[in-house]
Amino acid sequence: MTYVEDELNSQPECWTRAAAEAARHTAALPVAGERVAIVGCGTSYFMAQSAAALREDAGQGETDAFAASEFPRGRMYDRVVALTRSGTTTEVLELLTELKGRTRTVALTADPATPVMTAADDVVVLDFADERSVVQTRFATTALTLLRAHLGLHTEAVVADARDALAAELPEGLVERTQFTFLGRGWTVGLANEAGLKMREASLSWTEAYPAMEYRHGPISISTAGTAAWMFGEAPVGLAEQVRETGALWVPGELDPLAELVRAQRLAVAVAAARGLDPDRPRHLTRSVVLAP
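Residues numbered from 1 in each chain as written. Predicted model: local features only at pLDDT ≥ 70, side-chain atom pairs only at ≥ 80, totals over all residues. Heavy atoms only, no water.

(A) Examining the packing of aromatic side chains more closely. Counting across every chain of the model gives eight aromatic pairs. With a centroid separation of 6.4 Å and 70° between ring planes, the pair formed by Phe66 and Tyr77 is classed as edge-to-face. Residue Phe66 is found in strand E2 (residues 63–67), and its partner Tyr77 is found in the loop between E2 and strand E3 (79–84); the two are separated by 11 residues along the sequence. Both residues of the pair, Phe66 and Tyr77, count as buried. An aromatic cluster is built from Phe66, Phe71 and Tyr77, whose rings are joined through pairwise contacts. The ring of Tyr77 has Arg35 lying over it, and the distance from NZ or CZ to the ring centre is 4.8 Å. (Phe/Tyr/Trp six-rings, centres within 6.5 Å; stacked < 30°, edge-to-face > 60°. Helix = DSSP H or I, 4+ residues; strand = E, 2+ residues; numbered from the N terminus. Buried < 20%, exposed > 50% of the residue type's maximum accessible area, 1.4 Å probe, protein only. Lys NZ or Arg CZ within 6 Å of the ring centre and 35° of its normal.)

(B) Local environment of the pairing of E2. Counting buried positions along E2 yields four of five residues, so the element is predominantly enclosed. On the question of chirality, the crossover connecting strand E1 (residues 36–40) to the parallel E2 by way of helix H3 (residues 43–57) is right-handed. (Right-handed = clockwise from strand over helix to strand, strands pointing away.)

(C) Structural context of unusual backbone geometry. A positive phi angle, near 55°, is found at Leu204, a position not held by glycine. Its place among the elements puts Leu204 in the loop between helix H8 (188–203) and strand E7 (206–211).

(D) Structural detail: the side chain of Glu7. Along the chain, Glu7 falls in helix H1 (residues 3–9). No salt bridge is formed by the buried Glu7; the nearest opposite charge belongs to Arg138, separated by 4.7 Å. In contact with Glu7, other than residues within four places in its own chain, are Glu131, Arg132, Ser133, Thr137 and Arg138. (Lys, Arg positive; Asp, Glu negative; His and termini not counted. Salt bridge = Lys/Arg side-chain N within 4 Å of Asp/Glu carboxyl O. Contact = heavy atoms within 4.5 Å.)

(E) Broad picture of the side chain of Asn193. By the secondary structure assignment, Asn193 is in helix H8. Asn193 sits in the buried class, given a relative accessible area of 16%.

(F) Region of the structure containing the sheet that holds strand E4 (residues 104–109). Spatially, the five strands line up as an open sheet ordered E2-E1-E3-E4-E5, and their pairing is parallel. Bordering the open sheet on either side are E2 and strand E5 (122–125), each of which pairs with just one other strand. Averaged over all neighbouring strand pairs, the angle between strand axes comes to 20°, with direction disregarded. In terms of strand pairing, E3 meets E4 through six bridges, oriented parallel. Counted as the bridge partner of Val81 is Val106 from E4. Packed onto the sheet, H3 meets E1, E2 and E3 and runs at close to 175° relative to E2. Strand contacts of helix H6 (residues 138–150): E3, E4 and E5, with the helix running at about 135° to E4, the strand carrying the most contacts. (Pairing = 2+ DSSP bridges. Axes fitted to C-alpha atoms, helices over the stretch in contact; angles between N-to-C directions.)

(G) Here's a closer look at helix H10 (residues 257–274). Taking 1.5 Å as the rise per residue, H10 with 18 residues should run 26 Å; its terminal C-alpha atoms sit 25 Å apart, in good agreement. Judged by how many residues are buried, H10 sits mostly within the fold: 14 of 18 residues are covered. At the C-terminal side of H10, Gly276 shows a positive phi close to 75°. (Expected span 1.5 Å × (residues − 1).)

(H) Looking closely at the sheet that holds strand E8 (residues 227–232). Strand order in the open sheet made by the four strands is E7-E6-E8-E9, with parallel pairing throughout. Taken across any chain shown, the strands that pair with only one partner, and hence form the sheet edges, are E7 and strand E9 (249–251). Going from strand to strand, the sheet's axes swing by 20° on average, the running direction of each strand aside. Across six bridges, strand E6 (residues 179–184) lies against E8 in parallel orientation. Counterpart to Leu183 in the pairing with E8 is Met231. Relative to the sheet, H8 contacts E6, E7 and E8, its axis offset from that of E6 by approximately 160°. Across the sheet, H10 is in contact with E6, E8 and E9; its angle to E8 comes to roughly 155°.

(I) Just empty space enclosed by the protein, in detail. Enumeration according to the criterion identifies two cavities of 30 Å³ or more in this entry. Its volume calculated, the largest cavity comes out at about 90 Å³. Secondary-structure elements contributing two or more residues to the lining of the largest cavity are H3 and H6. Here the residues of the lining of the largest cavity sort into six nonpolar, two polar and one charged. Size it by volume and the second largest cavity reaches roughly 30 Å³. Val4, Leu8, Val135, Thr137, Lys198, Ala202, Gln265, Ala268 and Val269 together form the lining of the second largest cavity. Listing elements by their share of the lining of the second largest cavity, those giving two or more residues are H1, H8 and H10. At three residues, H10 tops the list of elements feeding residues into the lining of the second largest cavity. (1 Å grid on protein atoms, 1.4 Å probe; cavity = no way out; pocket = protein on both sides within 12 Å on 5 of 7 lines; lining within 4 Å. Points joined across faces, edges and corners; volume = space filled by probe spheres on them. Nonpolar A, V, L, I, M, F, W, Y, C, P; charged D, E, K, R; others polar.)

Structure below.
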């Protein structure tokens, strides 16, 4: 078994622990009414998108998500939350250093022996969700679970769905498709983006991701008998039928959307195996992007 397989299989246990520990980190995490930005790079950026949408939809306050390199320096926030598995990513550390003393910051990380521990005002360490793999799975979903639990949005049903996602067979014929599109709405747009990234990293697949309503506005033109469209959450009325009419495989979101992401992670590993690729050694990638001065 590869590192990434072992790690993605451990997600139900990681989520349960993160939810149980959420109350212990209340002082470090955003409070209702604060204007908040959530930042990250790569997978962490897509988790930031989902977390920001969840917080704002929950009525907790205006919440934006940015790639750390694209943070708007002239915009003021009460708190900035940084997601960084490694704690060493250059863009995140530079932003936290710049914000020091001006905006309160908190970092969610997996490694307590990295520069982020002093770069941020507060740190939440999820070391039990750390990973050996380059391709992120459990740290990202565990960090999002912690933030969902902080908002009162996590339930044991989510963990049960994750177990189902690990146990059930993937849809017939899905692994053989040559192009994959992931669709989301609201907070699940970030999950769709992350599913696409997992497929590209682990299996070198041609993947795209869109807000579901946007799929009709051009992207559906690439749908053929060789493609698949996977919905995270409830689909817009009529979209499934339109996709099926193109000959593409429609994959409905039947589980909690975060558990659907676990299924997509499994697909990435399965496609990699079918193509003779090692998902623990993704092309051109390292565990953390550290830029030279």
